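# Working through the structure, step by step
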Amino acid sequence: PSAQILGPSRSEVPIAYWSHSFPPEIMRQETKIAVESGFRAHKFKRRAHTDIIDQVELYAKFVLKVIYKIDANCTFGTPERVIEIGTQLQKYSQVKCLESPIDQEDIDGYRRLKDSLGYPLAIHFGTPHPTISLSSKAYDYYVLGGGAPGLCSVPTLSRQPISRFGCRWGLREY
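Just so you know, these numbers come straight off a predicted model, no measurement behind them.

Conventions and cut-offs
- Residues numbered from 1 in each chain as written.
- Predicted model: local features only at pLDDT ≥ 70, side-chain atom pairs only at ≥ 80, totals over all residues.
- Heavy atoms only, no water.
- Helix = DSSP H or I, 4+ residues; strand = E, 2+ residues; numbered from the N terminus.
- Buried < 20%, exposed > 50% of the residue type's maximum accessible area, 1.4 Å probe, protein only.
- Contact = heavy atoms within 4.5 Å.
- Phe/Tyr/Trp six-rings, centres within 6.5 Å; stacked < 30°, edge-to-face > 60°.
- Salt bridge = Lys/Arg side-chain N within 4 Å of Asp/Glu carboxyl O.

Helix and strand counts for the chain stand at six helices and seven strands. Residues classed as buried in the chain amount to 47% of the 174 residues present. Considering only contacts within the chain whose residues lie at least 6 apart along the sequence, 65% involve residues at least 24 apart.

For the structure shown, the criterion picks out five aromatic pairs. Relative to Tyr-68, the ring of Phe-44 lies with its centre 5.8 Å away and its plane at 75°, an arrangement referred to as edge-to-face. Here Phe-44, found in strand β2 (residues 41–45), pairs with Tyr-68, found in strand β3 (residues 67–71); they are 24 residues apart in sequence, far enough to count as distant. Both residues of the pair, Phe-44 and Tyr-68, belong to the buried class. Ring geometry for Phe-125 versus Tyr-142: centroids 5.4 Å apart, planes at 85°, classification edge-to-face. Of the two residues, Phe-125 sits in the loop between β5 (121–124) and α5 (130–136) while Tyr-142 sits in strand β6 (residues 141–143), which places them 17 residues apart along the sequence. The exposure class assigned to Phe-125 is buried, which follows from its relative accessible area of 16%.

Take the pattern of salt bridges next. One pass over the structure, following the stated rule, counts 10 salt bridges. Across the pair Lys-43 and Asp-71 runs a salt bridge whose closest N-O atoms are separated by 3.4 Å. In this pair, Lys-43 sits in strand β2 while Asp-71 sits in strand β3, placing the two residues 28 residues apart along the sequence. Exposure remark for Asp-71: the relative accessible area of 0% places this residue in the buried category. Notably, a salt bridge pairs Glu-99 with Lys-69, separated by 2.8 Å at the nearest N-O pair. One end of the pair, Glu-99, is in strand β4 (residues 95–99); the other, Lys-69, is in strand β3, with 30 residues separating them in the sequence. Here the residues in one salt-bridge network are Lys-43, Lys-45, Lys-69, Asp-71 and Glu-99, joined through shared partners.

Set out below in structure tokens:
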């Protein structure tokens, strides 16, 4: 396959079911649809008006075999708040990744989160600039967008392990 030109390749790429931040009953229905449709992962949005612990507790009781990626869109605010919440989330083995828990340019904050929580951390590729983010080792996964032409214009990208990138979920298995 032509993908092998880019480096290590695989025959399958995990794809997550995606949901917005809905009330618990709707999210339970969303998770049920995900499972019945064959998805093994569910990415969902976290918003400031929701209690993420209550959300995950409800989902974890409903489905044990789905893994969760929580996309906070920087709504947790501070590294201290993420550490507080992340520590509580660790009792749910289904939670496997936090996406954009704090401002994506807070490199030192992301390093603190990695050291404190051990969760893989994902951000949207581009902010901070790739020459900074890729060399910082503060981020584990990148959510890519804009298609191949936009990504090919970033020379630093070609020197990075392909396992750090993925469209909407990532290329690494959990």
